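For reference, the chains in residue letters:
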Amino acid sequence: MSDIVRDDRHTAVDIKNLEVTFATDGGDVNAVQGVSLTVRSGEVLAIVGESGSGKTVTAKTILGLLPETAVASGAVLLTGEDVLTVGPKRVRELRGTDVAMVFQEPSTALNPVFTVGWQIAEGIRAHGKVSKKEARKRAIDILSRVGIPDPETRVDYYPHQFSGGQKQRVVIAMALVLNPSVIVADEPTTALDVTVQAEILDLLRRCRDEFGAAIVLITHNMGVVADLADRVAVMYLGKVVEEADAKTLFADPQDDYTKRLLGSVPRLEARGHQAAPSADAEIVVNARGLEIEYPGRLGRAGFRAVKGVDFTIAKGQVLGLVGESGSGKTTIGRAIAGLTRVTGGSLEVLGVEMNGVHERDFKPKRAEIGFVFQDPASSFNPLLTIAEAVAEPLIVHGRAGDARAARARVDELMEAVQLPKAFGDRYPHELSGGQRQRASLARSLALDPALLIADEPTSALDVSVQARVLELFAELQSDLGFAALFISHDLAVVNLLADRIGVLFHGDLVESGPNDQVLGAPEHDYTKRLLASLPVPDPSEQAARREALRALTRQA
Amino acid sequence: MTTTLAAAKDRRAPWFSRLPIVAQLRRSVGLQRGMLITGIVICLVFLLGAIFAPIIAPYGFGQLSDDAGSFPRQAPPSSDHIWGTTVGGYDVFSRVVWGAQTAIAVVIVAVILSVLIGVTLGLVSGYLGGWLDRILVVIADAVYAFPSLLLAIVVSIVISGGQSSLVGGIVAAGISITVVFVPQYFRVVRAEAVRLKSEAFVESSKVVGSSTARIMFKHVLRNATRSLPLILTLNASEAILTLASLGFLGFGIGPTAAAEWGYDLNRALSDTASGIWWTGVFPGAAIVLLVLGVTLVGESLNDLADPRLRTRRRAKRRKAVTSASSDPAVGDDKTPGSTTAPEGGRA
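Every value quoted in this text rests on a predicted model; they were computed, and no experiment measured them.

Enquirer: Sorry if this is basic, but what is going on with the overall build of chain A here?
Expert: For chain A, the count of helices and strands is 21 helices and 20 strands. Expected size for 556 residues packed as a compact globule is a radius of gyration near 24 Å; at 25 Å, chain A falls within 12% of this value. The principal-axis extent of the C-alpha atoms belonging to chain A is close to 70 × 50 × 50 Å. Scored against the burial criterion, the 556 residues of chain A give a buried share of 53%. Taking as baseline every contact in chain A between residues at least 6 positions apart, the subset at least 24 positions apart corresponds to 67%.

Structure follows, in structure tokens:
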């Protein structure tokens with residue numbers, strides 16, 4: 001299908017002085033301010049930036065996908081035509097044939113009530129007269145080319161019959177099927193597990209090499225950039241602050257912002273030996289053969305999320321639990337906090353056996369457990385001020401009569417998490433994600449807990465904000481000496497904080513041990529694969545790691 | 001997320017601009033604003049008419065004679081009776097003005113009762129779940145299955161035996177409307193409670209050890225009531241229609257106890273054939289106008305609450321000057337406002 005041979009220097013997209021303004025309730029917002037970029041065929045341009053930097057808006061303009069509230073000026077030349085001025089009919093013709101998009105969340109980008117073959121054929125038949133048979137043939141062909149095994153059968157499958165990574169392959173197949181000159185990939189691997197991410201990045205690399213497409217890759221993950229990009233544009237507050245080819249950018253960043261962005265990416269390097277807690281240290285959490293099963297529907301077996309896991313957390317120790325989605329790591333955290341019922345084995349939390357526990361018996365212990373949730377947006381009641389929310393634990397456990405009486409302690413806590421006292425009078429939506437997550441930390445520490453459970457506390461945050469929250473977490477942990485369970489999918493993040501690491505895979509604890517041992521000399525195949533899949537923000541090192549991963553997969 | 005923010009964002013504004021309708025009025029533009037203002041004006045006219053009925057209406061609602069003697073029957077509009085008189089000899093203008101009082105009183109009783117009962121049941125049912133939830137949902141569905149007017153008639157007969165005094169009539173009409181509306185509030189609040197139950201902030205207070213009652217009333221209830229003003233206004237207009245239907249069918253309030261548009265329409269039924277238009281047109285127009293006004297308010301509130309339906313002033317093409325700071329302060333996370341979340345730009 002790649003019969004059209006393209007000149008390497010051929011410009012696929014040329015964005016000239018693009019400005020995009022949104023009308024919102026709070027007045028106009030200039031999301032993109034004078035951005036100029038070019039992408040050539042057979043090249044991957046990565047647009048990197050944190051949330052609100054305008055990277056997604058810039059990329060969506062290439063497809064003419066701006067909402068009605070937006071006004072764009074400047075020019076976006078797509079193979080010589082200005083997308084902003086050609087009118088909706090021509091833009092519709094361009095989509096698919098000249099420019100295609102790969103979305104972030106493959107499960108929502110596919111329509112669940114149609115087969116994937118139908119959805120791919122729909123794109124083909126929308127552009128030109130193609131018979132159903134012919135469209136189906138081309139759908140099968142493209143599915144095999146993106147690496148879906150047995151495409152003749154699976155072309156008739158519905159989206160839910162594919163795994164997350166395969167769904168993303170189907171989405172990429174849909175983008176490739178009309179052989180577009182440009183593919184816009186908006187965070188194509190963010191919703192995927194790290195081992196799957198490596199496969200999808202490989203596939204995108206093949207899109208560039210075999211199909212000769214230009215790829216505009218939008219991402220916040222510097223590791224992904226290092227893995228795939230040829231050239232990188234760094235965006236900040238609607239402007240491109242730096243543009244360079246990938247090797248130069250990582251080796252010698254010019255702009256201050258780029259330097260700081262690169263500096264805050266957590267790296268997988270040894271932290272030196274951890275002081276092992278003395279053997280007679282008090283055990284805070286003790287799990288023996290812990291099993292957790294979610295009840296199934298009537299007549300069906302339940303789902304066993306955790307299948308017999310053993311671990312302990314000693315006083316003052318940080319245990320990191322790592323695993324991909326569905327590995328049961330969050331379930332374990334929720335079980336310790338008493339949010340999910342334990343169905344088998346034994347889980348002792350602060351001396352209380354959680355298997356068959358009554359809320360009445362566990363309630364006094366709740367004062368000694370703090371919990372930091374993943375999503376800072378929803379973990380605060382939107383109608384309470386931060387101070388009121390932080391005071392909640394104090395009021396519930398009778399340490400203070402009302403929010404005003406607790407204010408002194410609240411101010412103290414706000415100071416501990418490095419938030420200005422005045423923020424206490426703000427409402428959650430008036431704080432940024434990082435600030436909210438720090439307030440969440442303050443709330444969980446209000447009662448001086450013996451145990452803190454942090455469930456992916458930084459996965460919703462930008463990388464520079466994540467670095468500061470992690471730093472704060474480590475500081476508070478060493479000052480206050482609480483034991484902690486730190487749950488994350490990101491090995492590099494866990495490495496920064498944990499004394500011991502447990503690796504979960506499909507509900508089994510496949511490996512656990514001191515930090516250095518698990519990351520430095522992993523024994524289990526899965527741990528090895530997990531480690532090798534993690535992209536590092538250094539193009540040449542990442543190329544070497546990619547080879548290592550390939551060797552590892554071939555062995556398996 | 002946008003709806004969450006929109007409701008809480010004006011918290012720092014003066015109290016009067018945070019009131020439900022005023023806040024929406026300030027945010028609206030164009031046609032939506034026109035609809036909202038029209039609705040508010042119509043409602044205000046009726047509200048003032050109801051409050052000042054004793055001053056505005058020249059005669060009482062049940063008055064059949066004055067110093068000059070008995071009123072004529074079916075008299076056309078004249079200087080004495082500007083909208084004429086009915087077959088029973090009542091002054092049409094006075095009846096319409098007093099009728100506003102009855103209508104609004106019934107709406108208030110019906111809405112307060114159904115909100116109280118519906119919200120409490122919905123909250124308990126949604127948050128606690130279990131067998132109680134199932135039973136309540138089945139009952140609510142069963143009530144839905146009845147034709148609402150039939151249900152209202154049955155309830156009104158049970159309560160007052162059909163006709164009754166002013167207060168009794170109003171309460172009876174209010175309760176019969178309530179029975180029809182409770183399932184609606186129940187459903188909405190229950191759905192919200194079920195959704196909020198799994199929100200992180202509810203789980204977080206569970207982890208803290210808050211009692212169930214505290215979680216329900218402090219965290220769930222206050223977040224579950226957001227869409228109530230919308231249903232409330234839409235139901236209010238339905239309540240007016242139900243009341244009028246009850247009155248028309250003869251299950252409302254008697255002419256000597258209070259003025260009631262539906263009853264007047266019923267009495268005007270035979271007049272239409274003989275060309276006496278004024279007895280029917282005015283109460284009918286009153287019903288239509290009040291329903292229209294309340295519906296306009298309700299519909300515009302509905303549109304304004306949804307960020308996808310809300311129209312905004314079009315963004316202007318940007319001039320050279322930019323408002324956002326270009327200082328690349330990475331280490332310091334940005335407070336929403338300049339770039340990330342324009343909704344909260346009050347930082």
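Still to come is the rest of the account.
Enquirer: Help me out: how do you make sense of the overall build of chain B in this one?
Expert: The helix and strand tally for chain B stands at 13 helices and 2 strands. Looking at chain B as a whole, 43% of its 347 residues are labelled buried. Contacts in chain B between residues far apart in sequence, at least 24 positions, make up 70% of those at least 6 positions apart.

Enquirer: What exactly am I supposed to notice about the packing of helix 3 (residues 30-51) of chain B against helix 13 (residues 278-305) of chain B here?
Expert: A pair of packed helices is characterised by two quantities: the angle between their axes and the separation of those axes. Residues and elements named next belong to chain B. Between helix 3 and helix 13, the least distance of the axes is 8 Å, while the angle of their chain directions is 140°. Considering the angle they form, helix 3 stands oblique to helix 13. Crossing of helix 3 over helix 13 shows left-handed handedness. Contacts from Q32, M35, L36, T38, G39, I40, I42, C43 and F46 in helix 3 reach L289, L290, L292, G293, V294, L296, V297, E299, S300, D303 and L304 in helix 13. Residues belonging to the contact of helix 3 with helix 13 are distributed by class as follows: 13 nonpolar, 5 polar and 2 charged.

Enquirer: Can you walk me through helix 5 (residues 132-145) of chain A in this structure?
Expert: Side chains that are three or four residues apart share a direction in an α-helix, a result of its 3.6 residues per turn. Residue and element names in this part refer to chain A. With 14 residues, helix 5 should reach 20 Å at 1.5 Å per residue; the first-to-last C-alpha distance of 20 Å fits that figure. Those residues of helix 5 that sit buried are A139, I142, L143 and R145. Seen from one end, helix 5 has its buried residues packed into an arc of 155°, which puts them on one side. G147 sits one or two positions beyond helix 5 and adopts a positive phi of about 85°.

Enquirer: Honestly, the environment of B:L128 in this entry has me stumped. Any pointers?
Expert: Residue and element names in this part refer to chain B. Tracing the backbone through its elements, the reader meets L128 in helix 5 (residues 92-128). The exposure class of L128 is partly exposed, given the 14 C-beta atoms found within 10 Å. Expressed as a C-alpha distance, the spacing of L128 and V297, which sit 169 residues apart in the sequence, is 34 Å.

Enquirer: What exactly am I supposed to notice about the pairing of strand 3 (residues 44-48) of chain A here?
Expert: Successive side chains on a regular strand alternate, one facing one side of the sheet and the next facing the other. Residue and element names in this part refer to chain A. Among the 5 residues of strand 3, 5 are classified as buried, and the element is accordingly described as predominantly covered. Along strand 3, one buried face is formed by V44, A46 and V48 and the opposite face, lined by L45 and I47, is buried too. Pairing analysis gives 4 bridges linking strand 3 to strand 9 (residues 231-236), with the strands arranged parallel. The partner of A46 across the bridge, within strand 9, is V232.

Enquirer: Explanation requested: helix 20 (residues 525-533) of chain A in the structure shown.
Expert: Three or more residues of helix 20 of chain A are buried, namely A:Y526, A:T527, A:L530, A:L531, A:A532 and A:S533. Lining the buried residues of helix 20 of chain A we find helix 8 (194-211), helix 18 (491-497), strand 19 (500-505), strand 20 (508-514), helix 19 (515-520) and helix 21 (539-555) of chain A.

Enquirer: Looking at this structure, how should I read the sheet that holds strand 12 (residues 303-314) of chain A?
Expert: Hydrogen bonding along the main chain pairs the strands of a sheet, whether they run parallel or antiparallel. Residue and element names in this part refer to chain A. The 4 strands lie next to each other as 12-11-14-15, forming an open sheet whose pairing is antiparallel. Because the sheet does not close on itself, it has two edges, and the strands there are strand 12 and strand 15 (352-353). Note that strand 14 (residues 344-349) and strand 15 share 2 bridges and pair antiparallel. Looking at strand 15, one finds that V349 is bridged to V352.

Enquirer: What exactly am I supposed to notice about the sheet that holds strand 4 (residues 70-78) of chain A here?
Expert: Residue and element names in this part refer to chain A. With antiparallel pairing, 4 strands are arranged side by side in an open sheet as 2-1-4-5. Sheet topology places strand 2 (27-40) and strand 5 (81-82) at the edges, where each strand pairs with a single neighbour. Here helix 1 (residues 55-62) sits on the sheet and contacts strand 1 (11-24), strand 2 and strand 4; the angle it forms with strand 1, its principal contact strand, is near 120°.

Enquirer: Would you explain the pairing of strand 2 of chain A in this entry?
Expert: All names here are of chain A. Judged from the 11 bridges that link them, strand 1 and strand 2 form a sheet pairing that is antiparallel. Looking at strand 2, one finds that A23 is bridged to D28. Linking two consecutive strands that pair antiparallel, namely strand 1 and strand 2, is a turn of 2 residues.

What counts, and where the lines are drawn
- Residues numbered from 1 in each chain as written.
- Chains lettered and ligands numbered in written order.
- Predicted model: local features only at pLDDT ≥ 70, side-chain atom pairs only at ≥ 80, totals over all residues.
- Helix = DSSP H or I, 4+ residues; strand = E, 2+ residues; numbered from the N terminus.
- Rg over C-alpha atoms; globule rule 2.2 N^0.38 Å.
- Buried ≥ 20, exposed ≤ 12 C-beta atoms within 10 Å, placed from the backbone.
- Contact = placed C-beta atoms within 7 Å.
- Axes fitted to C-alpha atoms, helices over the stretch in contact; angles between N-to-C directions.
- Parallel < 35°, antiparallel > 145°, perpendicular 65-115°, else oblique.
- Left-handed = near helix turned anticlockwise from the far one by under 90°.
- Nonpolar A, V, L, I, M, F, W, Y, C, P; charged D, E, K, R; others polar.
- Expected span 1.5 Å × (residues − 1).
- Arc of directions from axis to C-beta.
- Pairing = 2+ DSSP bridges.

Read these as spatial facts, not as claims about activity.
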